Amino acid sequence: MEGIVDSHTHVSLLPYEGLENMALAGVKKIIGCSIFFGAKHAETLFDHFHQMLTLSVKNAAQNGIRLFVAVGIHPMGTPVDWPRVIDALPDYLKMSDVIGLGEIGLHEGSQREQNVLREQLKVAKEYGVPVIIHTPPRDRMEITNKTIEIAAAVGMEPGKVIIDHADLDIIDLIEDFGAIPGLTIRQEGLTPHLLLNHLERFQRGVLNSDYSNLKPNDPLSVPKAVRYLELNGAPPEIIARIARYNAEEVFGI
Ligand SMILES: [Zn+2]
């Protein structure tokens, strides 16, 4: 499988060797998503975006990987002065390496989280960019329904909405809305085995590692999943779509 895309990594938390190993395993493009756990100030996020757009882009390029960046306010790190970040988003969206907003979304589903998500989706709609949306480990159906309700109310084009960490529990909600399922491969969620057994249901999705330091993670989970699917006779055209072409299409990369 040529030209693997990892559609969701927290690249500022990825060691240099992680990038090197991803390159050796055939990853050619990465979407780097924003997260700064516990951010209290807008400046914290501006520095975080700047670090991805400079150091991370350079480190990826040195390994032959093209890094594209998604900026935004993650629900686990929402600054007190978050409206200042919203106001700055359009300037980031004009930068050539920035492909959209992410990781955004609801974690606990509070009114504040809903407001932050809604304001970010309004920016995404205005600028016609895709969004990468988080789903939490708990209350998944309820939170996913609420997320979809907000995206629909804002008028987001469903084909530009990636609802991430999809699993069998929420895949039908995602499909009914017409959003793109983000397929995060990890041991306590969507495993390569589960993916293989339900490949038809996940074939519109985009594979990713969601690499971060928030929980045990593997930067090689995407190439490992591709290898597992290949060795177990999955149709090559579906593997190519979820590991590369679906992401290239939705992000325009
Ligand atoms: Zn993430």
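Here the structure is shown first, and the text comes after it.
Because the structure is a prediction, the values reported are computed rather than measured.

Caption draft 1: Expanded view of the overall build of the protein. Assigned secondary structure in the protein consists of 10 helices and eight strands. Relative to the 2.2 N^0.38 estimate, which gives 18 Å for 253 residues, the radius of gyration of the protein is 17 Å and therefore close to what a compact globule would have. C-alpha extents for the protein along the principal axes are approximately 50 × 40 × 30 Å. In the protein, of all internal contacts separated by at least 6 residues, the share reaching a separation of at least 24 is 73%. As displayed, the protein offers around 10700 Å² of accessible surface, 51% of which is attributable to carbon and sulfur atoms. Taken together, the 23 basic and 33 acidic charged side chains of the protein have centroids lying 2 Å from each other.

Caption draft 2: The coordination of the zinc ion, seen in detail. All of the protein donors around the zinc ion are His8 (NE2), His10 (NE2), Glu103 (OE) and Asp210 (OD); their distances to the metal are 2.0 to 2.2 Å. Given four donor atoms and angles of 84 to 171° at the metal, the environment of the zinc ion is assigned as irregular. Read N to C, the donor residues that coordinate the zinc ion are spaced as H-x1-H-x92-E-x106-D. Taken together, the positions of His8 in strand 1 (residues 4-9) and Asp210 in the loop between strand 8 (206-208) and helix 9 (221-231) put the pair 202 residues apart, joining distant regions of the chain. Taken individually, His8 and Asp210 each receive the classification buried, so the pair is uniform in this respect.

Caption draft 3: Broad picture of the sheet that holds strand 8. One open sheet holds the eight strands; their spatial order is 1-2-3-4-5-6-7-8, and the pairing between them is parallel. Only two strands of the sheet have a single partner each, and these edge strands are strand 1 and strand 8. Averaged over all adjacent pairs, the angle separating strand axes in this sheet is 25°, with direction ignored. Two strands pair when backbone bridges link them, and strand 1 and strand 2 (residues 27-33) are joined in this way by four bridges, in the parallel orientation. When the bridges of strand 2 are listed, Ile4 appears paired with Val27. Here helix 10 (residues 236-251) sits on the sheet in contact with strand 1, strand 2, strand 4 (98-105), strand 5 (131-134), strand 6 (161-163), strand 7 (180-184) and strand 8, set at roughly 65° to strand 1.

Caption draft 4: How the structure looks around the layout of surface pockets. A volume near 400 Å³ is recorded for the largest pocket. Considering only residue class, the lining of the largest pocket consists of seven nonpolar, nine polar and seven charged. Quantified by volume, the second largest pocket comes out at close to 180 Å³. Taken together, Ile185, Arg186, Gln187, Glu188, Pro192, Ser209, Pro216, Asn217, Asp218, Ser221 and Lys224 make up the full set of residues lining the second largest pocket.

Caption draft 5: Layout of the packing of aromatic side chains. Evaluation of the coordinates by the stated rule reveals two aromatic pairs. Ring centres 6.3 Å apart and planes at 25° place the aromatic pair Phe46 and Tyr92 in the stacked group. Taken together, the residues span a long stretch of sequence, with Phe46 in helix 2 (residues 42-62) and Tyr92 in helix 3 (residues 82-93) at a distance of 46 residues. As far as the burial class goes, Phe46 and Tyr92 line up, both buried. On the numbers, 5.1 Å between centres and 80° between planes, the contact of Phe49 with Tyr92 is edge-to-face. With Phe49 in helix 2 and Tyr92 in helix 3, this residue pair connects regions lying 43 residues apart in the sequence. Grouping residues by exposure puts Phe49 and Tyr92 together as buried.

Analysis parameters
Residues numbered from 1 in each chain as written. Predicted model: local features only at pLDDT ≥ 70, side-chain atom pairs only at ≥ 80, totals over all residues. Heavy atoms only, no water. Helix = DSSP H or I, 4+ residues; strand = E, 2+ residues; numbered from the N terminus. Rg over C-alpha atoms; globule rule 2.2 N^0.38 Å. Contact = heavy atoms within 4.5 Å. Areas by Shrake-Rupley, 256 points an atom, 1.4 Å probe, with all protein chains shown as cover. Lys, Arg positive; Asp, Glu negative; His and termini not counted. Charge placed at Lys NZ, Arg CZ, Asp CG, Glu CD. Donors = N, O, S within 2.8 Å, 3.2 Å for Na, K, Ca; no water. Tetrahedral: all angles 85-135°; square planar, octahedral: opposite > 155°, others 65-115°. Buried < 20%, exposed > 50% of the residue type's maximum accessible area, 1.4 Å probe, protein only. Pairing = 2+ DSSP bridges. Axes fitted to C-alpha atoms, helices over the stretch in contact; angles between N-to-C directions. 1 Å grid on protein atoms, 1.4 Å probe; cavity = no way out; pocket = protein on both sides within 12 Å on 5 of 7 lines; lining within 4 Å. Points joined across faces, edges and corners; volume = space filled by probe spheres on them. Nonpolar A, V, L, I, M, F, W, Y, C, P; charged D, E, K, R; others polar. Phe/Tyr/Trp six-rings, centres within 6.5 Å; stacked < 30°, edge-to-face > 60°.

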